[in-house]
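# Summary of structural features
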Amino acid sequence: SCVMSFKLAEAEILAETTGEYPLILLDDVFSELDIGRRNYITGKILGKQVIITSCEPILSLPDAKLIPVKNGKVE
């Protein structure tokens, strides 16, 4: 949770400094968080350009574009 807070704060500072919001990459961070923290983070990234890897669906992002990968191949 602490690292995610720092990353989100860093993205906000970059947006204020450059005038553009950075692309956020989240590599399987949701598997380590409880549902409350997952919902909090997804609320903070809505409307931003984010790439998330996850082994399970992220239910709090129903409009997300999913690209399923199985055995190393995009399905």
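Attention here is on the structure that accompanies the text.

Rules behind the numbers
Residues numbered from 1 in each chain as written. Predicted model: local features only at pLDDT ≥ 70, side-chain atom pairs only at ≥ 80, totals over all residues. Heavy atoms only, no water. Phe/Tyr/Trp six-rings, centres within 6.5 Å; stacked < 30°, edge-to-face > 60°. Lys NZ or Arg CZ within 6 Å of the ring centre and 35° of its normal. Buried < 20%, exposed > 50% of the residue type's maximum accessible area, 1.4 Å probe, protein only. Helix = DSSP H or I, 4+ residues; strand = E, 2+ residues; numbered from the N terminus. Pairing = 2+ DSSP bridges. Right-handed = clockwise from strand over helix to strand, strands pointing away. Core = buried A, V, L, I, M, F, W, Y, C linked by side-chain atoms within 4.5 Å. 1 Å grid on protein atoms, 1.4 Å probe; cavity = no way out; pocket = protein on both sides within 12 Å on 5 of 7 lines; lining within 4 Å. Points joined across faces, edges and corners; volume = space filled by probe spheres on them. Nonpolar A, V, L, I, M, F, W, Y, C, P; charged D, E, K, R; others polar. Contact = heavy atoms within 4.5 Å. Polar contact = N/O pair within 3.5 Å; in protein donor to acceptor, adjacent residues only side chain to side chain.

For the rest of this paragraph, the subject is the packing of aromatic side chains. What the rule picks out here adds up to zero aromatic pairs. A cation over a ring is seen here: K48 above Y21, with NZ or CZ 4.9 Å from the ring centre.

Here we take up the pairing of strand 1 (residues 24-27). Residues I24 and L26 line the buried face of strand 1, whereas the alternating positions L25 and D27 sit on a face that is not buried. For strand 1 and strand 2 (residues 50-53), the ladder comprises four bridges, and the chain directions are parallel. Paired with L26 across the two strands is I52, which belongs to strand 2. With respect to chirality, the unit in which strand 1 leads through helix 2 (residues 35-45) into the neighbouring parallel strand 2 is right-handed.

Membership of the largest hydrophobic core is limited to eleven residues, which are M4, L8, A11, I24, L26, F30, L33, I41, I45, I58 and L61. When residues of this core are traced back to their parent elements, those giving at least two are helix 1 (2-18), strand 1 and helix 2. Here this core gets three residues from one element, more than from any other, and that element is helix 1.

With that settled, consider the layout of surface pockets. Taken as a whole, the largest pocket holds about 770 Å³ of empty space. Residue classes in the lining of the largest pocket are distributed as 15 nonpolar, three polar and four charged.

Tracing the chain through its elements places T42 in helix 2. As a C-alpha pair, T42 and K65 span 23 residues in sequence and 14 Å in three-dimensional space. When sequence neighbours within four positions are dropped, the list of residues in contact with T42 reads F30, I58, S60 and L61. At 3.1 Å, the side chain of T42 and the side chain of S60 are in polar contact.

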